Amino acid sequence: METTLAVLVGALFAISVYLLLSSSLIRLILGVFVLGNATHLLIFVTGRLTRESPPLIDSGLKVAEAGIANPLPQALILTAIVISFSLFAFLLVLSYRAYQSLGAIDTDEMRVAEPESRTPAMRGRDV
Amino acid sequence: MADFGSDFLQFSVYIAYTAIMISLGLTVFRLLRGPTLADRVVALDMLALLGIAFIGIFSIATEEYAFLDVAIALALVGFLATVAFSRYVYRGALEERRDPSKPDEGDDS
Amino acid sequence: MNSLILRTATPFLVGLMLLFSIYVLLRGHNEPGGGFIGGLIGASAFAIYAIAEGLASARRALVVPPITVAGTGLLLAALSGVISIFFGDAFLTGQWWFPDFAPDLKYLSSVVLFDVGVYLVVVGTIASIAFALEERE
Amino acid sequence: MLAAPLAPFILAVFAPFLRRQVGDSVGWVLAVLPAGLTLYFATFLGPVADGQTFVFSTEWIPSLGIALSFYLDGLSLLFALLISFIGTFIVLYAGAYLKGHVDLGRFLMFLLMFMGSMLGLVLSDNVVTLFVFWELTSITSFLLIGFSHDKARSRRAALQALVVTGGGGLALLAGLLLMAQAGGSMELSTLLSDGDVLRDHPWYMAILILVLAGAFTKSAQVPFHFWLPNAMEAPTPVSAYLHSATMVKAGVYLLARMNPGLGGTEVWQIILMTFGGLTLLAGAILALRNTDLKLMLAQTTVASLGLLVFLIGIGETYAIQAAMAYLFAHSMFKGALFMVAGSIDHGTGTREISRLSGLGRAMPFTAVAGGLAALSMSGLPPFFGFIAKEWVYKGTLDGSLPLLLTAVAITGNALMFAVAFLVGFKPFFGKPGDTPHKPHEGSLGVWIGALTLAVLSLFFGLFSGISEAFFVGPAAIAVAGQAMVVDLYLWGGFKAPVVASIITVALGALFFWQGRRLSALLARIIDSLWGPDKGYDQFMDGLVGLARWVSALLQTGRLRRYMLVTFLTLAAALVLPQLLLGRGLEIKTPPLDILVWVIGLLAFGGTLAIPFTRSRVAAIMLMGVLGLSVAFVFLLFGAPDLAFTQLMVETLSVVILALVIARLPVFGADWRGGPRAIRDGILAVAIGTAMTALLISITSAPLDLALSEFFGVRSYLEAYGRNVVNVILVDFRALDTLGEIAVVTIAGVSVLALLAFRHRTADDEEGTTS
Amino acid sequence: MNLFLANIVLALLWGAVTTSFSPSNLLFGFVLGFMSLWLVRDRFDVRNFRRPWRAFRLAGLFLLELALSAFRVARDTLSPSMPFRPAIVAMPLEVTDEVEIMLLANLISLTPGTLSLDVSTDRSTLYIHAMDVDDPDELRAEIRDGFERRIIEVME
Amino acid sequence: MIDLVAGVLLLIGASFSLIAGIGLIRLPDVYLRMHAATKAGTLGAGLVLVALALHGQQLEVTARAVTGVLFLLFTAPVAAHLLGRAGYLSGAPLWSKTRFDDLMDKYDADGRKLGGTPEEALTKPPADRDA
Amino acid sequence: MSDWSAWLVVWPVAIPLMGAALAVALWGRERTQITIGVLAVALQFIASLALLQHVWVHGPLAMAMGGWSAPFGIALAADTLGAGLTVVASAVALVILVYSVADTRADHWKAGLVPLLLALMMGVAGAFLTADIFNLYVWFEVTLISSFGLIVMGGRREQLDGAVKYAFLNLLATTILLIAIALLYGMTGTLSIADLSGKVADLPDDSPVETVALLFLVSLGMKAALFPLHFWLPAAYHTPLPTVSAIFAALLTKVGVYSLMRVFMVVFPDSAEIARDVMIWVAVATMILGALGALAEPDIRRVISYTVVSGVGVMVGGLAIGTETALLGTTFYVIHSIVISAALFMAAGMIARAGGGTRIADLAGLYKGSPFLAVAFLIAGLSLAGVPPLAGFWPKVYLVQAGLEVGAYGIVAGVLISGFLTLVLVGRTFALVFWREATEGARAIGPDGGPVLKGGLAVLVVATFVIGIYSAPVVDLSLRAAGNLLTPAAYIEAVLGLPQEAANLGASGTEARP
Ligand code: NA
Ligand code: NA
């Protein structure tokens, strides 16, 4: 089963990489979203997969039954999901503000911090 | 009778899964196809409903009722998503009315 | 959003959603749920409230600025970890209290306090982001 | 002893303060310290002459065996005395020369710091300590040369000196550390006590080249000779100090010091003789080419340094004695001449040789000093310069190619003879020339140093026994690393060196007589040639140009390029071990689980459509599809909490996304042109495939589930929770969650910070208080 | 249903979903319900609704309508010729209270075949998109005599 | 027996979900598609939850399932109203066979106010004004 | 866990956390927030000093969070390296914060500067002190999100542009880190760094340890700004408030370098051959290209940004060599770089005040008006270039020595060449900005800042001087840190040897639930 999902994870990584290589801010955001999902699935798969037995201790039992799904990766993914969500929210607002201020959603056109024209004012010898 | 009942339930589950999956495919198709923004929002709304149905079926199939809350939550946030997108469409429409000369924000027809 | 139907439905919906969110929060220790999910549901409730009633009412309903709620939640979570110093335990060690008069109240522990902190953080933060984004208009 | 090199630093800090307190006579106050140091070092003259050496050591970095250790032998004592003695007069001279200058205090501060650095350098026994002071001389001289920083030429000269000597210094550091490692000690006294260890070590060549790089840059050997004359931009006290007795001789000191350990090999001899000889000739010719007094002196300094290196390279007994004798002589006459040049500049407002004549009457002390020093420099008896020159010829005649070496020395000396007369006599005789100021003698501080040094040149020539016993002799022994007989004398009979001297004088007179014409001719030839000074400019231009080119290539300012490089790196990281280790991958056919496949297909199909849809909203909603399918996967594999969270989070993400993206403009399909799309696509697929392979390879081995079993057992019994995942979150790994909610809160704060300034109008206003 | 009643209902619901009707748990549920309601206190101006049993009749009517027209919609959707004739129908309202209007509009929307699009700003008219309109007056009458009347009965 | 009933409800629910999906594809305009999604879709999901409520046979499960259904029934029409109105305002076209449109020109210029329709202005049968 | 001293390892994280939470809760009251901020960082400094003292005397100190000892729970653990860096980081942060109080406008404080700074400090301390690799990821994210807020503080166009690049690239970096951690878990089944130490060594030969190690190198290298993953740093570091640049330059890349040290010395001590080989060459490239980049830049803040990159190469170079001397050099350099990067950016802020901008071509003649600034800048710059006897000299000596010992001549050459380039850079920049005569072209000259700004800068400059003159304490600390890394037995023992307590039996006075 891991193999099937490993293929899905790889496919999602590929798509996110393709999106992240775009120069459109919107697509970058989409890429980040896909990347996050791919990563969460990857963590899930590294914990190995168990069908349909959530890590809950049934009432009446004191310890978890054998064969339940591995709870640790689930907890890790939960943490990771929350974190990616927070960062994602920030990225979104950042993109919006960047567009608002810079007037571009094409990152190729965002050249305020690192301006295009580098006509050097001075030669190396000049002091 | 009990045996038949559970067999029948099993059978229903399979049929139900199949139906939901087909419907999911159709819904995604509509989502991609549009043509209007409202169409896509309808598809999204539908997606949430199918999700609820899926979780319900899954809960029955696995007898794991812990998933039920997930379905309820989905009903709630599915509503939120639809409201938000409706608002998006609504605002776009009002904007358009206020200033028809402004080029349509895209592609999102 | 200027809609009679939505505005009329909102109090019922939001009330239910908040209740549901607390239910999910408190149940989390034993069933799927917990502070984070509960917080998301609670935040959704506030989002709907804000959409239906406008930002001003939503802010009024919360009384304090939403980011304050988040800060308080974070502080609560941190303090729930620090209190174990008074019991000679390590940071974040769960402290439980099972009072005799209410034996099935399973909520009196530092761990639940921690989860409540999580809940407040999520509600406060998401509400604060959503409100701030809406502030523009 | 430890205090000796440190005292000038401490006093330096107070120099500006003292200047404010005592005014322009500050020089006299500060000169007390070097004078005291001179006396202090003089007390060692006797014992050192008796063959004693002194080691002073204190812990500095005890855990690494780096000590602040000083070593006093003939060589270091000679240098220490020169530094403090000449330093005394320089401080006086500077105080008088820069009288009224607003930054005099600062200048004296730098000067004292420089003095301390120099003392530290020549006294250091520990290689690290030595290097510390070595670099300090570079830095302090940078400040001194750039003192008149309003002039572009000063700045250039200062930076040039820093670049050349600093660069060489780094090579020296490597050389010293290599040497310490090869010799198994950080102490020079230990390292040099058995030179064969170093000479036979496989690293010998490397050590040699690195150390020589340091010494040659510092001592302005060809092709690094260009910085020294440029440094004449500094006020004359600096030139007089740095370029006569001290800084430039640091390289010579280093070579002399290293001689017992590194010297004596063929490669040492060849390199030193070649570079030294070339420097001697180049410096002497350039000296004649120039018409500015200071520049002429500077070039002769280059020549003298060349001569010293040349002599150390020869390495025979007389050559080493000659080196020390010449060094001693040079310090005195060159120090004097620089001060003379400064005095002339001070008194007339020009240093241009053609405009200077007949100053003898107006500036009598300066004239006497100049004349005496010039006689010593020209190597005429009975000045000490004569003895030194005699010994030079003794040394060259002792070498392996006596005729060639002597010819080189004669040529160089003859040229310097001419320059000595041009500088020391020409300005004072004849009809008074046309100078900017009316010539006048400066105050006592201006000429006292020059006069003293010039007189000493005569004194030590006349009393050669003193120089031999206390200065040259012990130093030469220290350099040779073995005992030798040193016997200096003015007249040793009519032998080969005397003949060489006579040739020198004759040739020198010729050069002097034809000085003008020769100078003009040389100027025409040399100025048309490419020289290392132009090369320096080209180097700096080239360096910055290269930097800009590299920077433009890498730091394109385009996020897309950064992403591309990052992903190429990631791809390399994923593929490299596979290529290097060549492991295969065994893929087991997975069981056919239709539900998983269908959900997987839904996720894949929905996501795949994202790059191709033309609609923003469709793209956003497709993310919802992805989120939903991933939630289904979580559900299928027993992760209700995950499915729960995933659904909630994805929905809220999509909602916020809609809220924000509604405000972003048109989007259109992802068109990036054929080749780019193919390139990006290949990279994307490569990374995806590698990830899949990696994941399969990892998951095909069993996983140790000890942690999860622990949680399963303890969750209810000890943490009172039936939802193991939640218990992990709020108890077993609560610290993660604490960090996580901090992230959430701070994300909210960050968004508020982002939005707080959205209405700013003054766009580029900095956020600092006014 | 006043706030207190709503709070009681919420407390019971709490008991049901947490599988414990113990006093402490119910009290806890009540407190939670109170807090939830307090947060939305601004908008909670629902007047008493006095005849709960009539609500059941309304629910029954709704379920019946739902079942009947669900079948029709299914048939229409699947039939190859798509034999229906949609229209947007204006429907004058008798109910005036906003809760009543909301209830009516929602019920109309939930029953297959009709969809409430909007309420006029003066609350006089409800605009309905219907899937198959033969006679608009008939549709209006059906709603007026069905859902609308029942709602008035419940809420009056 | 309960399994049987649950199974039947499941099948009906799933069928409605499927029909909703088909409707979403087949139906000619967005309003009609909304009928499919809001009604058939909600019905489908609701019935599955009811099946679950029966199948669970525990008060807690049933209570939660019923709560879920109530949520659905409460939210679906509100969402449909908002979306329908937004679609109409944004000019989503009506199917060509739509018989008439009483909403036409009822919104004011900026789309914020909606006028009512007096009794006498109502479209009367047989429809003579086709949209 | 009756030992109260174990809480020492918690306070450096918990104090800024509670401070940040309190500051958020008191939103809008910026005066109170500033008080909280200064107090919290000061307390963090004191706590970490106490921690270092404890570690120095008693060896590595660990505490099991929640009483669940590693590998099951998360342990916070301090060895000399972690504790020492926490001390230096919080000390420098305190200076920067005080400087910032005088330097930064009130509207910025109102927008949440204090909670962001405190969260950053919490993240940094967490990263230095955690003994759990996933927890490390969490602290990275805490640091990252607070840096996001800090970098956009002020909302200038330049900032937003820089922040976009910074944010996307750094997000990618932490995601790759998360992937690497997950894969490591998938191989070993554990997350405790101490536990991983043994488990990784026990892995079968055919497990892809090398690849995972390379993924760690890529992700942590990106955080540290190693070539060719450094782009985000020169793209963004020059844009925010001067004090934000200062704290970023001081701390962020160091967290990356520290984590590389921890991961490669403790988790992969004997594996990851390929990664180590790669590390040498990327370190060399980083040193030299960073210095070259600095030479190319026309803006003084970007110049400084690039020198930060160059310094990362030096630090990682030592790690790549991995001997005691090399790690000594790396640790020393980390400490030095924390001080000096902050000082340089603070000086740049004051240059902007005095010269009206930061474009080198527009600056001139500041020596006359701002002699203090000139001296401070020069000392800081020379220390950066590794000129003795300033602090920057010593680590280079040790790295060159280490490189010569093991024959890593690339590193030796890189250190020396980058040192040379930096020397050229510092000399040239100083000559242009301070020495050059002020012409009409150059901007108006204003005051360089009040006593607080000068005092803040002076503290750091004096520190780099004193550390240079009297380096023995830092050397001893770094040596001990290097020793801890090379033989992590004590650290592992401290983390894994904690007693497994039943978290709540008895402690709270109640019985286990029936
Ligand atoms: Na940094
Ligand atoms: Na650095």
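All of these numbers come straight from a predicted model, not from anything done at the bench.

Asks: It is not clear to me how unusual backbone geometry should be interpreted in this structure. Could you clarify?
Replies: For residues that are not glycine, phi is negative in most cases, and the peptide bond is trans in most cases. Between B:Gly34 and the following residue, B:Pro35, the backbone shows a cis peptide bond with an omega angle of 0°. Cis peptide bonds are those with omega within 30 degrees of zero, and the linkage from D:Pro381 to D:Pro382 qualifies with 5°. Its place among the elements puts D:Pro382 in the loop between helix H18 (364-378) and helix H19 (384-398). Of note in this structure, E:Arg123 is not a glycine but carries a positive phi near 60°. Relative to the elements of secondary structure, E:Arg123 occurs in the loop between strand E2 (114-119) and strand E3 (125-130). Positive phi, normally seen in glycine, also occurs at F:Gln57, with a value near 55°. Take F:Gln57: it is sitting in the loop between helix H2 (30-56) and helix H3 (59-89).

Asks: Looking at this model, I keep getting lost on the coordination of the sodium ion (ligand 1). Mind explaining?
Replies: Four donors placed tetrahedrally around a metal ideally meet at 109.5 degrees, and six donors placed octahedrally ideally meet at 90 or 180 degrees. Residues and elements named next belong to chain G. Protein coordination at the sodium ion (ligand 1): the donors are Tyr237 (OH), Phe248 (O), Thr253 (N) and Thr253 (OG1), at 2.5 to 2.8 Å from the metal. As a motif over one chain, the donors of the sodium ion (ligand 1) read Y-x10-F-x4-T. Taken together, the residues span a long stretch of sequence, with Tyr237 in the loop between helix H10 (232-236) and helix H11 (242-267) and Phe248 in helix H11 at a distance of eleven residues. For the residue pair Tyr237 and Phe248, the accessibility class agrees, reading buried in each case.

Asks: Please clarify how the sheet that holds E2(E) should be interpreted in this entry.
Replies: Either a parallel or an antiparallel arrangement is found when strands of a sheet pair, and the pairing is made through backbone hydrogen bonds. One open sheet holds the three strands; their spatial order is E1-E3-E2 (chain E), and the pairing between them is antiparallel. Looking at the sheet topology across the chains shown, the edges are occupied by strand E1 (87-92) and E2 of chain E. Strand-to-strand twist of the sheet, defined as the mean angle between neighbouring strand axes without regard to direction, takes the value 30°. As paired elements, E2(E) and E3(E) share five bridges and run antiparallel to each other. Bridged to E:Asp118 within E3(E) is E:Tyr127. Where H2(F) meets the sheet, its contacts fall on E2 and E3 of chain E, and the angle it forms with E2(E) comes to roughly 110°. Its contacts with the sheet place H3(F) against E1 and E2 of chain E, and it is angled at close to 70° to E2(E).

Asks: Whenever I open this one, the interface of chain D and chain G confuses me. Can you help?
Replies: How big an interface is tends to be expressed through the accessible area that disappears when the partners come together. Taken together, the 107 residues of chain D in the interface contact 134 residues of chain G. Contact between chain D and chain G buries roughly 10400 Å² in total, counting both sides, with carbon and sulfur atoms accounting for 72%. Between G:Glu437 and D:Arg155 there is a salt bridge whose closest N-O contact spans 2.8 Å. Remark: the boundary between chain D and chain G carries 20 residue pairs in polar contact (both at pLDDT 80 or more). The dominant element in the side of chain D that touches chain G, judged by the number of residues it contributes, is helix H33 (residues 734-756) of chain D, at 16 residues. Here the residues of the side of chain D that touches chain G are counted per class, giving 69 nonpolar, 20 polar and 18 charged.

What counts, and at which threshold
Residues numbered from 1 in each chain as written. Chains lettered and ligands numbered in written order. Predicted model: local features only at pLDDT ≥ 70, side-chain atom pairs only at ≥ 80, totals over all residues. Heavy atoms only, no water. Helix = DSSP H or I, 4+ residues; strand = E, 2+ residues; numbered from the N terminus. Donors = N, O, S within 2.8 Å, 3.2 Å for Na, K, Ca; no water. Buried < 20%, exposed > 50% of the residue type's maximum accessible area, 1.4 Å probe, protein only. Pairing = 2+ DSSP bridges. Axes fitted to C-alpha atoms, helices over the stretch in contact; angles between N-to-C directions. Contact = heavy atoms within 4.5 Å. Buried area = accessible area lost by both parts, 1.4 Å probe. Salt bridge = Lys/Arg side-chain N within 4 Å of Asp/Glu carboxyl O. Polar contact = N/O pair within 3.5 Å; in protein donor to acceptor, adjacent residues only side chain to side chain. Nonpolar A, V, L, I, M, F, W, Y, C, P; charged D, E, K, R; others polar.

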